[in-house]
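Summary of the model geometry
These are the residues of each chain, in order.
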Amino acid sequence: MTRYFNALATLVIFAIFLKLGSLSSVINKLQIGQQELIVGVGLATVGSLLGLQLFSLESTEHRHTPPIKLGVNLGGSVVPLLFLLFFFNQQSPQILHVFILTAFVTAVVYPMTRMDRKRGMVIYLFGAVISAALGALILDPKNYLVLAYSAAVLGTLIGGDLMHLPQLKKLTELSNRTVFIGGGGILDAIFLSGLMAMMTAETFQQMHFL
């Protein structure tokens, strides 16, 4: 039920951005053609169905407990990083700004992430989206779109997923399943945080929020 609600809420948010013109403005400013857009969405959709197991985490407390298998979801983690490289060809924010804002978003996302025995890592997007959008407009008003996307994706990946991996050892109920980073696929927090951060930054810019 929660997943369906999140999907519906995501569609509503995207509809609002579309109504405000933020989505089309982002596409125009990044000079994304129709072909690139179709390929990107296709990769995210197909990738959401594919996972790659990397390694297993052995339990140090319970020796008879099977290891927790860890992998990456291609649509939820790999594809967002490919988008990042693509966007960097359109705009080139300073690497120092990327590091600074990513560190800030990571610090915001980390305490807003919780572990769920059935769903794994549950990340709340609001903090990542707002902090990345506002930070990008402040640090680099010229290349704020790609900066917002980069910081949101990397900050969510680090603060939401990677920094919580040690906690997975406590989730012994997941021992017979593979826990995928970016396991939500096309609606995963990593992918969505970047897209929403760009559209939020564009909305703030159009409203002359800063």
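This brings us to a nonpolar patch on the surface. Together, Tyr110, Ile158, Leu162 and Met163 line one region of the surface with nonpolar side chains, adding up to about 320 Å² of accessible area. Relative to the elements of secondary structure, Tyr110 occurs in the loop between α5 (95-109) and β3 (113-116).

As enumerated under the stated definition, the model contains one salt bridge in all. Of the charged contacts in the structure, one is a salt bridge between Glu202 and Lys29, with a shortest N-O distance of 3.0 Å. Residue Glu202 is located in helix α8 (residues 189-206), and its partner Lys29 is located in helix α2 (residues 22-29); the two are separated by 173 residues in the primary sequence. On the basis of relative accessible area, Glu202 is assigned to the buried category, the value being 1%.

With that out of the way, let us pick up the packing of α5 against helix α6 (residues 125-139). The interhelical angle for the contact between α5 and α6, taken along N-to-C directions, is 155°, at an axis separation of 9 Å. Relative to α6, the element α5 lies roughly antiparallel. Where α5 crosses over α6, the two elements pack in a sense that is right-handed. On α6, the residues that touch His97, Ile100, Leu101, Phe104, Val105, Val108 and Val109 of α5 are Gly127, Ala128, Ser131, Ala132, Gly135, Ala136 and Leu139.

Procedures and definitions
Residues numbered from 1 in each chain as written. Predicted model: local features only at pLDDT ≥ 70, side-chain atom pairs only at ≥ 80, totals over all residues. Heavy atoms only, no water. Patch = residues over 30% accessible without salt bridge, like charges linked within 9 Å, V, L, I, M, F, W, Y side chains within 5 Å. Areas by Shrake-Rupley, 256 points an atom, 1.4 Å probe, with all protein chains shown as cover. Salt bridge = Lys/Arg side-chain N within 4 Å of Asp/Glu carboxyl O. Helix = DSSP H or I, 4+ residues; strand = E, 2+ residues; numbered from the N terminus. Buried < 20%, exposed > 50% of the residue type's maximum accessible area, 1.4 Å probe, protein only. Axes fitted to C-alpha atoms, helices over the stretch in contact; angles between N-to-C directions. Parallel < 35°, antiparallel > 145°, perpendicular 65-115°, else oblique. Left-handed = near helix turned anticlockwise from the far one by under 90°. Contact = heavy atoms within 4.5 Å.

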